[in-house]
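Single-letter residue listing:
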Amino acid sequence: MSSKERITFGDFQTPTSLAAETCDRLRRRCLRPASIVEPTCGIGNFLFEASRTFSTANSLLGADINQSYITQTADRFDDAGRSARIIQADFFRTDWAKTLAALPEPLLVVGNPPWVCNSRQGTIGAANLPTKANSNKMRGIDAMTGRSNFDISEWMISHLVEAVRDRVATIAMLCKTSVARRVLASAWKKDRPISRAAIYGIDSRAEFGVAVDACLLVIDLDSSAQRTLECSVYDDLSAKELAHSIGFRDARVTANAAYYDRWRSVLQGSPRPWRSGIKHDCAKVMELRGDATLLLNGYGEHVVLESDYVFPMLKSSGVVSNDPHTSDRWMLVPQRMVGENTGQIEERGPATWSYLQSHADRLKRRASSIYRGRPPFSVFGVGDYTFTPWKVAISGLYKQSRFTVVGPRAGKPVVFDDTCYFLPCANRSEAKRIASTLNDESAQQALSSLIFWDAKRPITAELLNRLDFEALGKDRYRAT
Ligand SMILES: C[S@@+](CC[C@H](N)C(=O)[O-])C[C@H]1O[C@@H](n2cnc3c(N)ncnc32)[C@H](O)[C@@H]1O
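Residues numbered from 1 in each chain as written. Predicted model: local features only at pLDDT ≥ 70, side-chain atom pairs only at ≥ 80, totals over all residues.

Caption draft 1: Quick peek at the site of the ligand. As a matter of local geometry, the ligand sits amid 23 residues, with Thr 14, Thr 40, Gly 42, Phe 91 and Asn 112 nearest to it. Its residues assigned to classes, the shell around the ligand shows nine nonpolar, ten polar and four charged. (Near = placed C-beta within 6 Å. Nonpolar A, V, L, I, M, F, W, Y, C, P; charged D, E, K, R; others polar.)

Take a look at the structure:
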């Protein structure tokens, strides 16, 4: 199989040991399936292990798009003297509701659908994707996922949840943890009868050689049972103790349901907006290192600029190291507000103008569409708030939620790159007070109810903008 085919079909067969461990975990959840289905079965590792684990299941069905896998899987069952229906089928062209309706309950739909996103397929010219209007009248990609880029496993698992929504069924799938959350969010939003749900971490590096946060997602559906809006999270398949529960609250998935319930009253909005750092998409030109006497850009060129356009800068690493004042980084900031006319730099800062002109091509080639139709050399994320001397800042990228007080350096306000978020403050004491409230346990708990640490950018302005730090601060004063 070519590597393009492997990517297109997300063809990474689950190791037998992991399939066995997964089935053992499902057994310990006291499942008693009458039917077992593996919709993208490959060489059938899950179907085989599940059929061994659950002797109650008389009806076994495996499907895969790859005919050679179908032949191998069918032979495997024949050799073991076990009866199973193994069919060649494209998931996206199969009427799963009808196929599953023919099978006795309880159903166990188990497996490992392909971990590939549609945009990755686009880049290699592949299209193993749902069709917008096929014979089963599946809904369009965007309508199903709410986004134009998504993992096809998300589409598949959500589609399976829909297909069994009126049945007594368990869906148990290996997938990225972010996919698991989105599948749950979609099912909860549609009020599907989830009676129990769990996420068990798996070591995807050891099992599949990929560095992505992954899990076994298990969803039990039963419209006659009590519904739950929580999903238990366990560190791994053998964990005995619950790590925490995620939950569906106020129309979204929260990272820690207990903390969210506890701190919900202070999660109704920030009294002031958090800002993100400056976006320029041209670090080698706009970010400089050195001191006031010698500044170098990312090409190693000696750069001379008017002081009005140069500001001390911190990246995420500087914010996290909590030693902002030792940084030797600087940023060229050509505008004081978004959209400001940059033509005036020619007169006010001839050296800066000449430097920008010498790199005009590079700045013009910036790919993001936000720069189109804007004055040349434009940046984003600038406004009065950028130039306030005192700020409370946090990195959006690092897996920690400590807030740092950042004051002026060399008599100038420090600016941030766009991996950081900050709150402009009136003065040093306000910055210290707010940072102390935010670093206190209550705020950290409240925030941790919103943060998914496996996300590429765990902390965002949207998330920070939900925390009412003033209300929390008042509570602290009351408590002391
Ligand atoms: C990650 S592998 C998992 C295989 C098997 N479930 C396991 O766990 O070992 C994904 C499987 O999905 C199959 N597949 C990919 N796209 C498919 C499609 N559109 N319809 C059916 N099967 C598909 C691939 O052939 C591959 O066997």
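Caption draft 2: Structural detail: the sheet that holds strand β12 (residues 287–291). Strand order in this open sheet of six strands is β14-β13-β12-β16-β15-β19, and the pairing throughout is mixed. Bordering the open sheet on either side are β14 (302–303) and β19 (415–416), each of which pairs with just one other strand. With two bridges connecting them, strand β15 (residues 310–314) and β19 associate as parallel partners. Paired with Leu 314 across the strands is Phe 416, a residue of β19. (Pairing = 2+ DSSP bridges. Helix = DSSP H or I, 4+ residues; strand = E, 2+ residues; numbered from the N terminus.)

Caption draft 3: Representation of the domain arrangement of the chain within the structure. What the domain assignment lists for the chain is domain 1 (3–254) and domain 2 (275–479). For domain 1 and domain 2, the distance between their C-alpha centres works out to 42 Å. Contact with domain 1, which involves five residues of that partner, is made by five residues of domain 2. A breakdown of the residues in the side of domain 1 that touches domain 2 according to their chemical character gives no nonpolar, three polar and two charged. (Domains from an automatic or database assignment. Contact = placed C-beta atoms within 7 Å.)

Caption draft 4: Main features of helix α2 (residues 16–28). The first and last C-alpha atoms of α2 sit 18 Å apart over 13 residues, in line with the 18 Å expected at 1.5 Å per residue. Tucked into the core, α2 has its buried residues touching α3 (45–53), β5 (169–176), β6 (194–202), α10 (204–208) and β7 (214–221). Cys 30, located one to two residues past α2, shows a positive phi value of around 65°. (Expected span 1.5 Å × (residues − 1).)

Caption draft 5: Quick look at unusual backbone geometry. Cis geometry marks the peptide bond from Glu 105 to Pro 106, where omega comes out at -10°. With respect to the helices and strands, the residue Pro 106 is situated in the loop between α5 (96–101) and β4 (107–111). Of note in the backbone geometry, Asp 250 takes a positive phi value of approximately 50° without being a glycine. Looking at where Asp 250 falls in the secondary structure, it is placed in the loop between β9 (244–249) and β10 (252–254). For Asp 250, a count of 10 C-beta atoms within 10 Å puts it in the exposed group. At Phe 377, a position not held by glycine, the phi torsion is positive, near 70°. (Buried ≥ 20, exposed ≤ 12 C-beta atoms within 10 Å, placed from the backbone.)

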